[in-house]
Structure formats: structure tokens, C-alpha cells
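Tertiary structure, described
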Amino acid sequence: MKISLEDTIAAIATPGGVGALAIIRVSGNRAIECVDNIFSGKTSLKKSPTHTIHYGKIFEDNQSLIDDVMVSVFHRPHSFTGENSVEITTHGNPLITQKILSKLVKNGTRLAEPGEFTKRAYLNGRMDLTQAEAVQDIITSRTEASLKGARNQLNGFLSKRVNSFREALIHMASLLELELDFVEEDISFTSPKEMDVKISGILDEIRTMCDSYAFGRVMKEGIHVALVGLPNTGKSSLLNYFLKENRAIVSDIPGTTRDTIQEELQYGGLLFHLSDTAGIRQAQDLIEEEGITRSNQAIRDADLVLFLFDAQSGFSEELYHHVQDLTDEIRMIRVMNKVDLKLECDSARDIDVSALTGDGMNELLEILKSRAISIHPYTEKSIVVTNIRHFHALEKSKTCLERARQSLEEQLSQEFIAMDLREAIQELDEIIGIVTTDDVLNNIFSKFCIGK
Ligand SMILES: Nc1nc2c(ncn2[C@@H]2O[C@H](COP(=O)(O)OP(=O)(O)OP(=O)(O)O)[C@@H](O)[C@H]2O)c(=O)[nH]1
Ligand SMILES: [Mg+2]
């Protein structure tokens, strides 16, 4: 749906439900005027300077009081959206905010689409597209790590890098195109060697950024960890210990867990999605068989697999190989549980724990954290790409630059090289939103909250 930037929009920006305060946001040419129409205060909002706050009341049509409110006024272009904007702070009762919103709609505003405030901020040049996307990430981040990544993106870390590549490539493409104009005179502005060095430098950086996406995804979406082993090894006990609650049924009857049980755990700034699975053995009935099928799927889907065994039942080479076949060896962590039983065992393993006493459990969490980071190596200093749209565009620009280098090597006409560079630039333009389509924008902003 095409929405007009001319409209003045309004939305409740705070979560639905009861709270101490709530905020209604209004933005657009007529924002201040529309609020002024329903606001009774000492001063006229229209005559108020920007960045001022005013106390007043809002009444029903029959003059009964809806609420007393504080109103903040922002004149364009110095507002989040770059437009005239007003924020009305009310008592946090949805009955109040709904009534005020209805009054605003009767007085010349329309209800905002999801993300429309941020979309306007982008369209009005207040931020680029990666920064607009970061606004939503800041709201939805569930871990310290992803919040930090989103904050860096909002500060423009990603756009600055992408912009520097763009500028260097635009410069190179322009020199090549200029040379083409002077082809008869045989004038050269840049040497193939020089160009190769520059393109390679950019390529290296783009490759590192593409590689960071594996970790970026983990940072944003969390790490999937499957707890796997023979029946009775203590997988459910381990899950319960991590969660500090009796989430899964634990019993000494082998084959207790049938369904996979998924729960979240925050540790070390990261989010882990733990899946307790049915113990894998020759199934005794159809339900257990289905449970084991699900265990196998959980292994395939996992970023990390905790392979549990205990000294009593011993390390099953057969099961270990079965799990290895479903995942990569580097994703597996061998855990021996029930060390409190003090049984002898010489099987190789990464850690000894007791889900009963808690022995070794903190060390296990540390191993999980360091393995989560090391399966997707990255350095603190590098930019971490967390967004699939950015990742795809970077991948495409990487391919164009690789082609450009190939053409250089094969001494193809400069036309081809310039064309590849232009294509790479276009991909980078899409990341920061210098060129975009309505579809891309709708796709991005429709996932936003209303009021943001
Ligand atoms: N001594 C001791 N017993 C444990 C430990 N962890 C679990 N158990 C016991 O081992 C038995 C099986 O535990 P569960 O957590 O149900 O094992 P599971 O791997 O989930 O078993 P299934 O769901 O059947 O695959 C229970 O009786 C637990 O109390 C431990 O660290 N030490
Ligand atoms: Mg279990």
C-alpha cells in the first residue's frame, strides 16, 4: 500500500495495557496544530518554541476531562522523523490513550502504519536504512551482545564502512569511464596493478564482514543447543539445573522424555535455545520412535550438541558415531554426567559434571559460551553483520568485485571492469538505502512496532 508522507500520523508508542505513563506520538506537517486543537493549556502549542514541554488537559466533546497530560513539541527538522512532532504523555491507562487517539483522528491525523515514524525518519534523511533497521533491533534485542551490535549499527558503524567502500569504488569506476572517453588518445588515469590492490583491499574487508554474519546471526537469534544421549544419562536433569526449575520430568525409568523440550537460557550475554531430547536407543513403541526422530532433527538443527553420557551406562561409540553423522564434530561437546557417583571411566570427554550436585556446571556454561563464539570466529573490533539483507547484498557485491579482479587479470576491456564495479556499488547502495524499492521498504518496516 502506498502511504502518503503528506499525512499527519498518530499512534500510541507505549505497550498496550496498564502502566504508570503512556505516550502518544504525532508527526507530520500539521502535528502541532492537530494536538493544539484538542489541548487546553496555558500556552498555545503553535506558538511554542521547539523542544519545549507543556502541561494541560484534554477533554471529551462533552467537556468531561479525559486526562491531564504533558505535551512535548518538536519543530521540523529537529525531531526523530524530521517533521513537526508532538509527544503526549498521559496516565498509562489504555482507555485514556484510546480516547485521545480517537480525538486526534477526528482532528486531522490518521493512524500510523507499523514503523512509519522510523520510515519517515529514513525518507526525510534523518538516518540511513541500516540505522532505521537498527532502531527495531534495539527494541527487540534480547541479549547484551545483540543490543551492543544494534547500538553500533544505529551509530553508523556499518554504514560508515559501506560508504567508504562505495566512495573508493565510485572513484575507481569514474576513472575507468573517463579513460574510456579518451581511448583514442591512449591516456591512462590508473594502472591495473594499482586498481587490483585497491579492489583486493575492499574485497578482503567485505569477505570478513560476510564471514561475521554466522556469528551475527548467533548474536541476534541465539545459539541452538541440543542435549543428546542414551536414555537416563541425565539430559532432563541437566536442563532443569540450567533453568533452576523442574521443567522436564526426570525419572530413573529410561525413555522418560519423548517430546523435545525447548527452553531459553541467557548466559554470558548470549541467548541459548536448549532442546532436551528423547534418549536415543532402539525404540520400544511408536511414540518413542517419533520422539527419537525428533531427537535426530534437533541434532541436525543445533549449532552445538551436548553429547551426554554417564559412567554407569558408559560412552556409547555407536551413538557417538550416529550423532557425528548428523552434525559436525566441531559442534559436539562430550559431557560425562553423574560424577558424584565416583565411578571409574576412561572415555575421552570435554568435561565432567553432576546435574545432581552442580559440580562442573559453571565450567560447562563457559565451554558453551566459548564454543558458541569459536564456531563462528570474529574479533571484537570487526563489524558484525547481523542482518540477512545486508549479508546478501555484501555477498553479491563480493561476487561483482571478484569478477572485476578476474577481468583485470585477464586484461579484459575496461568497460567490463567498470560495469562490475558499478554493480558492486549498486549492492552497497541498497544496504544503506541510497536506492531501494517499495517492496524492500515495506518488507523492512512492516515488521516494526506501531508507534516506532
Ligand atoms: N547420581 C546422579 N544421578 C543423576 C544425575 N543426573 C541425573 N541423575 C538421575 O538419573 C536418572 C535419569 O535422569 P533424567 O534426567 O531423567 O535422564 P534423561 O537423560 O533425561 O533420560 P531420558 O529422558 O529417559 O532419556 C534420574 O533418576 C536422575 O535423578 C547426577 O548427576 N547424579
Ligand atoms: Mg529426559
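Reading the values: the criteria
- Residues numbered from 1 in each chain as written.
- Chains lettered and ligands numbered in written order.
- Predicted model: local features only at pLDDT ≥ 70, side-chain atom pairs only at ≥ 80, totals over all residues.
- Domains from an automatic or database assignment.
- Near = placed C-beta within 6 Å.
- Helix = DSSP H or I, 4+ residues; strand = E, 2+ residues; numbered from the N terminus.
- Nonpolar A, V, L, I, M, F, W, Y, C, P; charged D, E, K, R; others polar.
- Buried ≥ 20, exposed ≤ 12 C-beta atoms within 10 Å, placed from the backbone.
- Contact = placed C-beta atoms within 7 Å.
- Core = buried A, V, L, I, M, F, W, Y, C linked by C-beta atoms within 7 Å.

With that settled, consider the domain arrangement of the protein. For the protein, the assigned domains are domain 1 (9-126) and domain 2 (129-433). One C-alpha centre belongs to domain 1, the other to domain 2, and the line joining them spans 42 Å.

Attention now moves to the site of ligand 1. Lining the immediate environment of ligand 1, one finds 24 residues, of which G234, S236, S237, T257 and G279 sit closest. Per-element tally for the shell around ligand 1: the top contributor is helix α8 (residues 235-243), with three residues. Class assignment of the residues belonging to the shell around ligand 1 gives a composition of seven nonpolar, 13 polar and four charged.

Glancing now at helix α1 (residues 31-38). The complete set of buried residues in α1 reads A31, I32, C34, V35 and D36. For α1, the secondary structure elements touched by its buried residues are β2 (19-27), β3 (39-41), β5 (65-74), β6 (85-92) and α2 (94-106).

Put simply, R76 and P77 share a cis peptide bond, and its omega is 5°. Locating P77 in the fold gives a position in the loop between β5 and β6. Unusually for a residue other than glycine, Q63 sits at a positive phi of about 75°. Summarising the element assignment, Q63 is placed in the loop between β4 (52-59) and β5. Accessibility expressed as a C-beta count within 10 Å gives 6 for Q63, which makes it exposed. Within the chain, Q411 stands out as a residue other than glycine whose phi angle is a positive 55°. Its place among the elements puts Q411 in the loop between α12 (388-409) and α13 (414-432). For Q411, a count of 8 C-beta atoms within 10 Å corresponds to the exposed category.

What follows covers the nonpolar core. In this structure, V35, V228, V305 and L421 are the most contacted members of the largest nonpolar core, which totals 98 residues. Each of domain 1 (9-126) and domain 2 (129-433) gives at least three residues to this core. For V35, the residues in contact, after removing those within four places along its chain, are V26, L45, V71, V86 and I88.

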